[in-house]
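# Architecture and fold: a report
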Amino acid sequence: MHPAPSLILFTTLSGLGLGGLAWALFALGAGPSHAAIMMVAFTWALTGAGLMFSTAHLKNPKNAWRSFTQPGSSWLSREAWLAVLTLAIAPLVSFAVATGRLPGAAVALPIVLCILTVLATAMIYTQLKTVPRWHTGWTPFLFVILSLAGGAMLTGRSADAIGLLLPAGAALAAYWLSGDNRVRQSQSSMNTATGLTHGTVRAFEMPHTGDNYLLKEMVHVVARKHARRLRYIGFGLAILVPVLLLTLVPALPIWLVLAVHLAGVLATRWLFFAEAEHVVGLYYGKR
Amino acid sequence: MAAKGTAPVTARGYDLSPKPGDEIRKTTCYMCACRCGINVHMKDGKVAYIEGNRDHPVNRGVLCAKGSAGIMQHNAPSRLRAPMKRTGPRGSGQFEEISWDEALQLADDILRPLRDTNPEKLAFFTGRDQSQSFTSFWAQNFGTPNYAAHGGFCSVNMATAGIYTMGGAFWEFGQPDWDHTKLFLLFGVAEDHDSNPIKMGIGKIKARGAKVIGVNPIRTGYNAVADDWVGITPGADGLLILSLIHCLLKAGRIDLDYLARWTNAPCLLDTDGMLRRNGDGKTLVIDRNTKAEVPFDTAGILPDIAAPGTVMEQIAERYLSDEYAPESVAARCGLTPDRIRTLAAELARVAFDEAFEIEQEWTDFRGETHKTMTGRPVAMHAMRGISAHANGFQTARALHILQILLGTVEAPGGFRFKPPYPKPPEAHPKPHCKVTPGKPLDGPHLGFVHGPDDLTLKEDGSPARIDKAFSWENPMSAHGLMHMVISNAHAGDPYEIDTLFLYMANMSWNSSMDPKGVMHMLTDKKADGSYKIPNIIYSDAYSSEMVAYADLILPDTTYLERHDCISLLDRPICEADAAADAIRWPVVAPDRNVQGFQTTLVKLGAKLGLPAFVNEDGSAKYADYADYITNHVRKPGIGPLAGWREGPEAFPEGTDAPGGRGEAPSDQLQRYIEHGGFWMRHVPAEARYFKPWNAAYQDWAVQMGLYDSPQPYLFNLWCEPLRRFQRAAEGHGTRQPPDHLRARIREKLDPLPIWWDPSEDIPDAESYPVHALTQRPMAMYHSWGSQNAWLRQIHGMNPLYIPTNIWEAQGLKTGDWVKVTSPHGAITVPAAHMAALNPNTVWTWNAIGKRKGAWALSEDAPESTKGFLLNHLIHELLPPKGDGLRWSNSDPVTGQAAWFDLRVRIEKAPAPDGEQSQPNPGTSASPVPEGAANLAWQVRK
Amino acid sequence: MTQLPAPSNVKLGLVIDLDTCVGCHACVTACKGWNTENYGAPLADEDPYGAKPEGTFLNRIHSYEVQPETGPAQLVHFPKSCLHCEDAPCVTVCPTGASYKRAEDGVVLVNEKACMGCGLCAWACPYGAREMDPSAGVMKKCTLCTDRIYNDNLPEEDRVPACVRTCPAGARHFGDLGDPDSAVSQLVEARGGIDLMPEQGTKPVNKYLPPRAKDQAPEAPIDILAPLLAPMTPGETDTPKGFLGWLDRALDSLPGGK
Ligand SMILES: Nc1nc2c(c(=O)[nH]1)N[C@H]1C(S)=C(S)[C@@H](COP(=O)(O)OP(=O)(O)OC[C@H]3O[C@@H](n4cnc5c(=O)[nH]c(N)nc54)[C@H](O)[C@@H]3O)O[C@H]1N2
Ligand SMILES: Nc1nc2c(c(=O)[nH]1)N[C@H]1C(S)=C(S)[C@@H](COP(=O)(O)OP(=O)(O)OC[C@H]3O[C@@H](n4cnc5c(=O)[nH]c(N)nc54)[C@H](O)[C@@H]3O)O[C@H]1N2
Ligand code: SF4
Ligand code: SF4
Ligand code: SF4
Ligand code: SF4
Ligand code: SF4
Ligand SMILES: [Mo]
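The following paragraphs examine the structure supplied in this document. Because the structure is predicted, anything quoted here is derived from the model rather than measured.

### Points about the pairing of strand β30 (residues 817-821) of chain B
All names here are of chain B. Counting buried residues in β30 gives 4 out of 5 residues, a clear majority hidden from the surface. Across 5 bridges, the pairing between β30 and strand β31 (residues 826-834) is antiparallel. Opposite Val820, over in β31, you have Ile827 as the bridge partner. Between β30 and the antiparallel strand that follows it, β31, lie 4 residues. With 5 bridges connecting them, β30 and strand β33 (residues 903-909) associate as antiparallel partners. By the bridge assignment, Trp817 is partnered in β33 with Ala909.

### Points about unusual backbone geometry
All names here are of chain B. Following Pro419, the chain continues into Pro420 via a peptide bond in cis, with omega recorded as 5°. With respect to the element layout, Pro420 can be found in the loop between β21 (415-417) and α16 (482-491). For the peptide bond that leads from Tyr421 to Pro422, omega is 5°, which places it in the cis range. In this structure, Pro422 sits in the loop between β21 and α16. Positioned with a positive phi, Trp855 is a non-glycine residue whose angle comes to about 65°. Of note, Trp855 is situated in the loop between β32 (841-845) and α26 (862-865). For Trp855, a relative accessible area of 1% corresponds to the buried category.

### Quick notes on the site of ligand 6
Residues and elements named next belong to chain C. For ligand 6, the full set of nearby residues is Cys31, Asn35, Asn59, Ser81, Cys142, Thr143, Leu144, Cys145, Pro161, Ala162 and Cys163. Contributions of two or more residues to the shell around ligand 6 are made by α1 (26-37) and α5 (162-166). Its residues assigned to classes, the shell around ligand 6 comprises 7 nonpolar, 4 polar and no charged.

### Some words on the interface of chain C and chain A
Contacts between chain C and chain A engage 58 residues on the former and 60 residues on the latter. Across the chain C/chain A interface, buried area totals approximately 4,600 Å², and carbon plus sulfur atoms make up 59% of it. The largest share of the area that chain C buries against chain A comes from Tyr64, Met116 and Trp123 of chain C, three residues that together contribute 18% of it. The tally of links from chain C across to chain A stands at 2 salt bridges. Ionic pairing is found between Glu54 of chain C and Lys216 of chain A, a salt bridge with its closest N-O pair at 2.7 Å.

Procedures and definitions
- Residues numbered from 1 in each chain as written.
- Chains lettered and ligands numbered in written order.
- Predicted model: local features only at pLDDT ≥ 70, side-chain atom pairs only at ≥ 80, totals over all residues.
- Heavy atoms only, no water.
- Buried < 20%, exposed > 50% of the residue type's maximum accessible area, 1.4 Å probe, protein only.
- Helix = DSSP H or I, 4+ residues; strand = E, 2+ residues; numbered from the N terminus.
- Pairing = 2+ DSSP bridges.
- Near = heavy atom within 4 Å.
- Nonpolar A, V, L, I, M, F, W, Y, C, P; charged D, E, K, R; others polar.
- Contact = heavy atoms within 4.5 Å.
- Buried area = accessible area lost by both parts, 1.4 Å probe.
- Salt bridge = Lys/Arg side-chain N within 4 Å of Asp/Glu carboxyl O.

Below, the structure is given as structure tokens:
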């Protein structure tokens, strides 16, 4: 799939924001403080900014409001609702908790909404049978746990971050390895795509000699060597280095670690798209 | 089926019952030469949508990719906008726009002195012309012998072999009997002129489950849907066919009755190899009943093919020889002997074991009545794959003889002629070349020669025509040799000309061999600094590569903006079951300062005072081409259009429907328009098959104006005109070939088909082991398609397709480039892999490559970066072979350009700088502005 | 509604004959022409005369080479447009409700007035049947020419999709695949029509007729074929003289011969 910057930034930043918001709310629920309130406000804004990137992906944003109309079936619609609910409810609950109108436990609601929003984002990809690499439980797990891990760093919780980074690393590895297998074992092949079963099928001529939307959007080809290298870099920056820094150099400002982690997540997110092969590539002999 | 429910339906606010337009205007497509009927839907006076005309005999409602994309041709930015005069050097593409008055005056200034002094100094050649009966008439009036259209570089082998052998050819002059055939054998066709009819026909027989066999080195398109693929090595079809004939003769699986009655197989030969004739010139046969020697058309006889001294004996003698045994030929064909035998067996099985009768009584020209029509359901079709080789004439003859031996021509289930064919070779005009300054030529330029006496030679024996057609070099060049005009004019051989006047032919590019050489010839100068070809006038509708090489441009309209006439005098739209002709008419007026080329010729003719274009008082005879179409009288009662003629001639005794003769009503064009742009008369049921011998057909054809009197004839297995040339080469007669051509004529103009290997003429052939071919893409018409925003997305560049064995041997990968070298030159081009390909063959799509600056495309358009022409590797002359002569790269009989004899060698090569295919002939300035950056074409608002 | 309707009885769709498609692209431009002028925004082309022309098409022709275990490679032209799936994933993923499947005939459409151009439906389609229009920014797909098949302004016989009407080879058939007695259903039955990528679970309505077996001519030893090509008396026709003798007798045996 085409690694569109808007989508990489959207998923990464909204994930980070929502994870951060969840932790900030948690902190607020544990005991209101000026710092906690500021942190809620900051992560709320970051989430909003991250979500804005998703609209950059729309070719006809004037109809974006309509994406609220189909929560019954569409994960994207659900995500829209959840994001808006989260952004609306989080400040209300925070205000109520901060002013003592609601007990601290009330933050559970916006926290759950944060996580559900990340989950919904992940489900947009997970639901696609057409992209075998995404079509797995590891996808939502990875999105949520990375969101929370990043959020923990964002809110200065190194211990929690370490605790989350370790399973996140495992999930990342599992996502990659099982993904490689899933692609290999996918039932779809050029034979099933064309229904031509009496021999080996090879694409001869494309329908057109130029590019088209499908090729640009869904038939992104990334060299295996390149992908492998990026996996190491991504894993290193997103998981390994932060864990090491957090444990070995606790004095380091956590935002520095977060920056490293963020760079790593961006790399893995780039790979998330770039490595994902859409079955339509079979029609173009590209897979 | 139509969906259920007819009430107006809407879907979420969309009108599901939109009006396709305010009005339908029915005219004829010209996105190619197939001439399909189209419905042009107009909205607010603009072209909104084009679809096929369901009533039209050619396409019955369907359209091809090009036809459906006509709207993008019509609005293409490449359309020329006004007459233009060259301002920069030739080839630079620099012009200024001028008025029509000035343009016609310039043409007059050039042409008038030529006509007054030496009309042959004008060479007028028209390329993809659909008005040849008009343009040739104009040229004849001008008085120059130098006229032809594009047939010579196209498929004159096919046309000529067909007409000399059976009085009609494949091309678009005949068609398989799609309704009855059970086995369809297709030789060397990628697309052909009958684009839609062939597709419809293949669809029809496939739906019936009948079998299609494709003989072609390349398995795309029709050959891809063929049930069996015979992946022959190029140039060997003649050998394969003669071997099939060998097998059929040996097995006695030939149609004896058919051969005896309808062919010259039973005709007697004299010791000179000439057909024996009686005092009336009629060929003689032995009547099997009386054993008497009688003229072939004697009533009540059954000619005896088993008699000694007949043509049949010669055939047996020649083809039973082991030389043609499958074992002898298989290797050169790239096939196994068994494959050839199987094919022969299959042909015989279907022709004879699946024969059928149509219950239809008919009477033959000998007066005998037949209760039924016997069907031989084997149909064949062939085109340039066999004709564009130097041995193509004889190969095409061989194929016709195969058809005839099986008795399938004009039999139900076989191959059928379309009116005005069949027509015996003798019924065609002979070529004329007598020039008188200030006067018309003494007759039509092109025609069919029957021996040395008919050649167009000057007193001194040198060619009378600039293209050397009908000379000893290519005596039977019935369509002229357009591909030789520029090089001969440049060389001043056989003489110098003054003006090259071209219409609709991209001669500096895809229709020439060696385009760079041609570009040089067009711009080459004499010592005094003047151009070797002093004047070049050109008419194109678009900014083609050729435009840059003209001094004066006479811009044509698009096909939706002008009158055209697809005439029975020319290449009409007939079907085997009907005579038909058609028009184009301006469904929209041009929005630029352009005018239909034929109207330009009408006006120029009047200005020059050409007799047929002026009245007694010198005033213009016709206002424009439309006026000419209606009012021109070719022969009494006969003119460009056959439809809706009136008067007693139109209704001869006993008929109530008008034929093609009579007076043209003044509103003839309007009647065509009301009737969908065409006119059609069906062939009566008893006249539908066996037309050359069918009395009912012959009478009907006379009534239609196709002949002046019935013209029954026999198929020429033995081709006597060839024998006449051969005899001259053997030293008989007064007109003698030059010595250097004597041996070739004796050998190659054999009255029975022969085969020779065209690559034997290539010195050092082993260094060029691979055959290189081009194919027509179905979605593109030559160079025209690339200006079309929709079509160019389908074929924006063309790789060289390479078979698996070479691909692997060269270690090629997707995206690699190859250097392709022929004896004439080298190109470096993108490569692609193809498995379904003869292992000795590489190929590419024809005419996708474009010159930078042409067609209103940007300079970095893929057509001119990665796209390429194979033409750079082909030369109109063969490489020197040490006899001091340069032999032409063409068929020695007809002069047909041998495009497909090209041999090359392939080597992997680094991609040239900027991934620019080589050679790159540079950029010429565009005489039109570049096109829009975005298109969202919609007339509806 | 983005949810799929209950399966309709009428399932309009196409049947595409891979045995007959010659790969001419006629259906491609006919489709482009009709759908540019009618339903929704025109199908735009970017850089139409430049280096990277790229436009929206609702129907495209691929071609594939098939190498069977024995025999020469084959080539198959392969038209592809929306298959109007019964379980259309493109519909259920759509957040705006712009994508929908018609309850009455199963046609899958995009309401361009509601589409926000997110592209998710194109991702959900396994077949590459949807393309985002570069100018209008809305999702484009085959409409099964809904604006032809019910169009009162067209003569009855023309109420078929533009691609079907134009296909010169007759390789495209339109009809109700929900009705087992319809001509298209019969054709699918007779020719063993198949689904593309059945494993995707989309249940396409459109069916493909696989190419018939090719290159079946027996490449067998000659004696099996001998009866078909055997002369009347073996050996007799080997020489011209013998041949004429044989001819003579053969002619005698013809009706009216003697
Ligand atoms: N390598 C290779 N070369 C070949 C062939 C091959 O098979 N291989 N085939 C050969 C054959 S058979 C042929 S016929 C030739 C064809 O070659 P050409 O006859 O050159 O054919 P086109 O490219 O169609 O060019 C015709 C010209 O007509 C112009 N034109 C189009 N419409 C109109 C119109 O309405 N009015 C006017 N006045 N002009 C118009 C076009 O712009 C173009 O410049 O190519 C030959 N060249
Ligand atoms: N779409 C479209 N239609 C056209 C045209 C066009 O440009 N585009 N051009 C028109 C014109 S001018 C012409 S002349 C006709 C030509 O129509 P075709 O005769 O179909 O011409 P080509 O495309 O040159 O195809 C020649 C075929 O012969 C095969 N071939 C080459 N050498 C051999 C051989 O030795 N033996 C055999 N058996 N096969 C061989 C090639 O593989 C190819 O398939 O098409 C006309 N129709
Ligand atoms: S075959 Fe195509 S381009 Fe040629 S006349 Fe017919 S519709 Fe037009
Ligand atoms: S083919 Fe694709 S776009 Fe069409 S209905 Fe099926 S999934 Fe949707
Ligand atoms: S692109 Fe349009 S139709 Fe497709 S999912 Fe998005 S909103 Fe729906
Ligand atoms: S049914 Fe209509 S919209 Fe669909 S591919 Fe055919 S022409 Fe295009
Ligand atoms: S129009 Fe028909 S034959 Fe041509 S590509 Fe389309 S389906 Fe195939
Ligand atoms: Mo041609």
